[in-house]
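# What the coordinates show
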Amino acid sequence: MALTRRNFLTTAAAGGAVLAAAAPSEARDNKTMPPKAVGLLYDSTLCVGCKACVRACREANDTQPEFNTADKLWDTPLDISGRTITVIKLYADGTADHKDQEKNGFAFIKKSCMHCVDPSCVSACPVTAMTKSPDTGIVSYDADACIGCRYCVAACPFSVPQFQYDTAFPRILKCQLCKHRQAEGKMPACAEVCPTGATLFGPVPALKAEADRRQALAPGETTTFARKTVGSPDVHEKKAAHYIRHIYGESEMGGTQMLLLAGVDFDKLGYPALRDRSYAATSETIQGALYDGLILPAVVLGGLVFAASKHVPQHHEEED
Amino acid sequence: MAQATPLGGPLVTRTTVIAGAFALIAAGLALYRFVYGLGAVTNLNNAYPWGLWIVWDVVIGTALGCGGFAMALVVYVMNKGEYHPLVRPALTASLFGYSLGGMSVLVDLGRYWNFWHLYVPGWANPTSVMFEVAACITAYCLVLWIEFMPVLAERFASASTRKMVNKTLFFFVALGVLLPTMHQSSLGSMLVVFGFHIHPLWQTELLPLLFLLSVLAMGYAIVIFEATLVTKAYRRPSEAHLVGALGFYMVPLIAAFLAIRWADIIAGRKIDLVFSSGGLSSLFWLENLLYVLPLFWLSSERRRANAKLQFMAACCLLLAGILYRLDAYIIAQQRPGWHYFPATGELLVTIGIVAFEVLAYIVFIKTLPILHSVRK
Ligand code: SF4
Ligand code: SF4
Ligand code: SF4
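Throughout what follows, the structure given in this document is the object of discussion.

How each quantity is defined
- Residues numbered from 1 in each chain as written.
- Chains lettered and ligands numbered in written order.
- Predicted model: local features only at pLDDT ≥ 70, side-chain atom pairs only at ≥ 80, totals over all residues.
- Heavy atoms only, no water.
- Helix = DSSP H or I, 4+ residues; strand = E, 2+ residues; numbered from the N terminus.
- Buried < 20%, exposed > 50% of the residue type's maximum accessible area, 1.4 Å probe, protein only.
- Contact = heavy atoms within 4.5 Å.
- Areas by Shrake-Rupley, 256 points an atom, 1.4 Å probe, with all protein chains shown as cover.
- Axes fitted to C-alpha atoms, helices over the stretch in contact; angles between N-to-C directions.
- Parallel < 35°, antiparallel > 145°, perpendicular 65-115°, else oblique.
- Left-handed = near helix turned anticlockwise from the far one by under 90°.
- Pairing = 2+ DSSP bridges.
- Near = heavy atom within 4 Å.
- Phe/Tyr/Trp six-rings, centres within 6.5 Å; stacked < 30°, edge-to-face > 60°.
- Lys NZ or Arg CZ within 6 Å of the ring centre and 35° of its normal.
- Core = buried A, V, L, I, M, F, W, Y, C linked by side-chain atoms within 4.5 Å.
- Domains from an automatic or database assignment.
- Expected span 1.5 Å × (residues − 1).
- Arc of directions from axis to C-beta.
- Buried area = accessible area lost by both parts, 1.4 Å probe.
- Salt bridge = Lys/Arg side-chain N within 4 Å of Asp/Glu carboxyl O.
- Nonpolar A, V, L, I, M, F, W, Y, C, P; charged D, E, K, R; others polar.
- Lys, Arg positive; Asp, Glu negative; His and termini not counted.
- Polar contact = N/O pair within 3.5 Å; in protein donor to acceptor, adjacent residues only side chain to side chain.
- Patch = residues over 30% accessible without salt bridge, like charges linked within 9 Å, V, L, I, M, F, W, Y side chains within 5 Å.

## Here we look at the overall build of chain A
Summing up its helical and strand segments, chain A has 9 helices and 12 strands in all. Among the 320 residues that make up chain A, the fraction classed as buried is 53%. Taking as baseline every contact in chain A between residues at least 6 positions apart, the subset at least 24 positions apart corresponds to 59%. Only carbon and sulfur atoms are counted for the fraction: they give 58% of the accessible area of chain A, which is about 14,100 Å².

In structure tokens, the structure reads:
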């Protein structure tokens, strides 16, 4: 057959038609909040930076201190890492005189897994080592399943899963909302020890209602704040800070089960502005369009087998 | 038509000895990594968990291994028999590109002893793009070896086995076109879930299509590149006439790639980023230049017939595809406060793998009927 533009274009057009046929398949929507979703509400304006939660998290999850000073006398994790599940970080600007103020102020911020409603890590993990409980929504990690590919590490919008590069037998470290403690009827260690109720545990709707209440407070208004869980009798009185009008995690990436309140813009605190549609939904829409039921690959294979069955023997006989 | 024959000649030469030495160094470093962890050899961190080994050895390595895919498409599917002499060398190179990419994955996987979970229902996760890539690349490695069977059969098997292999071959040739279409586009899809971690000039839902188009261009380019080098190195008669016409197929591919990429940028209102992204803007323009130059060279029959321009076009297309992938996978990642540059050990492992590839390629073409015999 001669090399002509025409038969090349015919082949190309046929390929295009097959691709176009796949396009109208359904987009995958964001997943929805599980019925018994639990999570954390972290209020930066209540946090005093004592890091009791960091210590309690170590004890509850059996992680070792990280040393970053010369005398090696301080547990000083610089960020979450392969050895550290949660940290409290400090934002400081200029003279850093006033708490919860963006200019010349400072603020504390907690970092740990957000327990996304539609988690990228779960969508990305090739071997189902990351799973989301259909019940409580806790996002768990199973080292026995994990192959250590680190796709979850790169994919998480909040850069949460941490891989261990310093050992021959590494695993991923991330907060699993102390599910082993919850199984014993206890609450997450970080919420249990928090002296100010800055980290609060509870069902997500209750956490959300509490966040809404705080958003509505006038700055300086005296009110009560619960410790440990929403609605617990252990409360203290305090004047409300000036809150940014934003409950972080309410809609980001389709929502998260950890909610955050702060007096300083979240992108200053290391929580980036994110859209509502989860990246998992976008990615799975594409994969679904191309691979649902393996229909498209089967159709293409049929065409290719037809073409090849006509042409392959031809070329090989020429050789014999 | 002339037959394929082993090239013959000594196996121990300066090139093979040097290549062997580098391959040994890499093996030693890989061993070290298995004892002391990935951090002992690499500069990987939790912001850049994928480095040279994944991006060069797998993402770029398999793209460079797409010569077999591109040639099978032209020769068997579009029925262009005149290119048949190019199929076997391309197939051989693909075989190595893919098999060694697979090997580096095993070195890179943190919990490699679990890797078989990828193939077991219950563990395997169909929503994961990486699952698609892994399953599909594994299948393709098998298909490549099967497509390679006639070469081994000619050398070692009886006439009846040879016949059987050739009879069923068409099915595997078809699979050999389908599978790379799937996983090479998936290597683009894989980045979609990274979302804002990738600069908007590279992040788009069209990544699978862009990766597929650019890999086809790379596939043709690598065939031209190899044919030119083998011709030079072993003083064989030029295949320029054959190779040159191949450029014809690249023109619409490159044009489509550029058109789709720019349409996405314009439609996504990202046009200002083309100028305002500093170093990334420069890299973006460099990628475009590396596509536009070959487009210009290959678009006229006269320039296409020029062996020098042909070779330069192939080099540009290879560089363009490599840079596009490096940018998307590493350089255009937005991970404030974090950096990644490969460690020496990491580089040496990759060099060693390439060296091993060169070594094996030479041994294969010298001992197996891969290159078309020269008519005397
Ligand atoms: S924050 Fe990251 S690790 Fe946690 S559930 Fe969401 S995607 Fe997964
Ligand atoms: S590193 Fe483990 S948990 Fe993370 S995506 Fe890979 S296999 Fe899944
Ligand atoms: S819930 Fe448990 S694991 Fe998670 S940060 Fe708190 S203490 Fe650590």
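## Focus on the packing of helix α7 (residues 207-233) of chain B against helix α12 (residues 307-331) of chain B
Two quantities define a packed helix pair, namely the angle between the axes and the distance from one axis to the other. Residue and element names in this part refer to chain B. In contact at an axis separation of 8 Å, α7 and α12 are set at 140° when each is read in the N-to-C sense. Taken together, α7 and α12 sit at an angle that is classed as oblique. Taken as a pair, α7 and α12 cross one another with a handedness that is left-handed.

## Considerations on the sheet that holds strand β12 (residues 258-261) of chain A
Residues and elements named next belong to chain A. One open sheet holds the 3 strands; their spatial order is β9-β1-β12, and the pairing between them is mixed. One side of each edge strand has no neighbouring strand; the edge strands of this open sheet are β9 (199-203) and β12. Adjacent strand axes in the sheet meet at a mean angle of 20°, parallel and antiparallel pairs treated alike. Pairing of strand β1 (residues 38-43) with β9 involves 5 bridges; the strand directions are antiparallel. Among the inter-strand pairings, V38 is bridged to a residue of β9, identified as P203. Strands β1, β9 and β12 of the sheet are contacted by helix α7 (residues 204-216), whose axis makes an angle of about 130° with β9.

## Here we look at the site of ligand 3
The local shell around ligand 3 consists of A:C57, A:N61, A:I85, A:T86, A:K110, A:C175, A:L177, A:C178, A:P188, A:A189 and A:C190. Counting residues per element, the ones that place at least two in the shell around ligand 3 are α2 (52-61) and α6 (189-193) of chain A.

## Section: the packing of aromatic side chains
Two numbers describe a pair of aromatic rings. These are the distance of the centres and the angle of the planes. What the rule picks out here adds up to 34 aromatic pairs over all chains. Taking the centre distance of 4.8 Å and the plane angle of 45° together, the rings of B:Y32 and B:Y36 count as tilted. Remark: B:Y36 and B:Y32 occur in helix α1 (residues 14-36); sequence separation between them is 4 residues, near one turn of the helix. Judged by centre distance (5.8 Å) and plane angle (75°), the ring pair of B:F284 and B:W285 falls under edge-to-face. Judged by relative accessible area, B:W285 falls into the partly exposed class, the value being 37%. Grouping aromatic residues by their ring pairs yields a cluster made of A:Y151, B:W50, B:F194, B:F211, B:F257, B:Y291, B:Y324 and B:Y329. We note A:R150 situated over the ring of A:F163; from NZ or CZ to the ring centre the distance is 5.1 Å. Positioned above the aromatic ring of A:F225, the side-chain terminus of A:R213 is 5.9 Å from the ring centre.

## Quick word on the nonpolar core
Ranked by size, the top nonpolar core spans 213 residues in total, and within it A:Y151, A:F158 and B:Y329 carry the most contacts. By residue number, the principal contributor to this core is α7(B), which donates 16 residues. The two domains that each donate at least three residues to this core are domain 1 (5-29 + 281-309) and domain 2 (38-280) of chain A. With residues near it in sequence (within four places) discarded, A:Y151 still touches A:A124, B:W50, B:S128, B:V129, B:M130, B:M190, B:V193 and B:F194.

## Quick notes on α7(A)
Residues and elements named next belong to chain A. For α7, built from 13 residues, the straight-helix expectation of 18 Å at 1.5 Å per residue is met to within 8% by its first-to-last C-alpha distance of 18 Å. Listed as buried for α7 are V204, L207, E210, A211, R214 and Q215. One face of α7 carries all of its buried residues, which in axial projection span an arc of 140°. Turned more than 90 degrees away from the buried face of α7 sit P205 and A216, all of them exposed. The inward-facing, buried residues of α7 contact β1, β9, β10 (222-226) and β12.

## Brief notes about the interface of chain A and chain B
Tallying the contact residues gives 68 residues for chain A and 74 residues for chain B. Summing the contributions of chain A and of chain B, the shared interface buries around 6,200 Å²; its carbon and sulfur component is 62%. Here chain A is connected to chain B by 1 salt bridge. Ionic pairing is found between A:R150 and B:D108, a salt bridge with its closest N-O pair at 2.7 Å. Broken down by element, the side of chain A that touches chain B gets its largest block of residues, 15 residues, from helix α9 (residues 295-319) of chain A. Its residues assigned to classes, the side of chain A that touches chain B shows 41 nonpolar, 19 polar and 8 charged.

## Focus on the packing of helix α3 (residues 67-77) of chain B against helix α6 (residues 159-189) of chain B
All names here are of chain B. Contact pair α3 / α6: the axes reach a minimum separation of 9 Å and the direction vectors enclose 135°. By the angle between their axes, α3 is oblique relative to α6. In the packing of α3 onto α6, the handedness of the crossing is left-handed. Of the residues in α6, those touching α3 at F69, A72, L73, Y76 and V77 are V173, G176, V177, P180 and T181. Tallied by class, the residues present in the contact of α3 with α6 amount to 8 nonpolar, 2 polar and no charged.

## So, the side chain of A:K110
Residues and elements named next belong to chain A. The topology assignment puts K110 in strand β4 (residues 105-111). D79 provides the closest opposite charge to the buried, salt-bridge-free K110, at an N-O distance of 11 Å. A distance of 2.9 Å separates a polar atom in the side chain of K110 from a polar atom in the side chain of S112. With residues near it in sequence (within four places) discarded, K110 still touches L40, Y42, T86, V87, I88, C190, T199, M258, L260 and Y271.

## Some points on the site of ligand 2
The environment of ligand 2 is formed by 14 residues, the closest being A:C125, A:C146, A:C149, A:R150 and A:C152. Grouping the constituent residues of the shell around ligand 2 by class yields 12 nonpolar, 1 polar and 1 charged.

## Some points on the sheet that holds β4(A)
Residue and element names in this part refer to chain A. Read from one edge of the open sheet, 3 strands run β2-β4-β3, paired in mixed fashion. For this open sheet the edge positions go to β2 (87-92) and β3 (98-99), each flanked by a neighbour on one side alone. Relative to β4, β3 runs parallel, the two sharing 2 bridges. Considered in β4, the bridge of H98 is made with G105.

## Considerations on the pattern of salt bridges
Residue and element names in this part refer to chain A. Within the structure shown, the criterion is met by 21 salt bridges over all chains. The residue E192 makes a salt bridge to R181 at a minimum N-O spacing of 3.1 Å. With a gap of 11 residues between them, E192 in helix α6 and R181 in helix α5 (residues 179-183) connect regions that are remote in the sequence. Its relative accessible area of 33% is what places E192 among the partly exposed residues. One salt-bridge network, in which partners are shared between bridges, spans D43, E210, R213 and R214.

## Focus on a nonpolar patch on the surface
Residues and elements named next belong to chain B. Together, I18, F22, I25, L347 and I351 make up a nonpolar patch on the protein surface, roughly 390 Å² of accessible area in all. Elements with a minimum of two residues in the nonpolar patch: α1 and α13 (344-367). Considering every element that reaches the nonpolar patch, the biggest residue donor is α1, with 3 residues. Residue position: I25 is located in helix α1.

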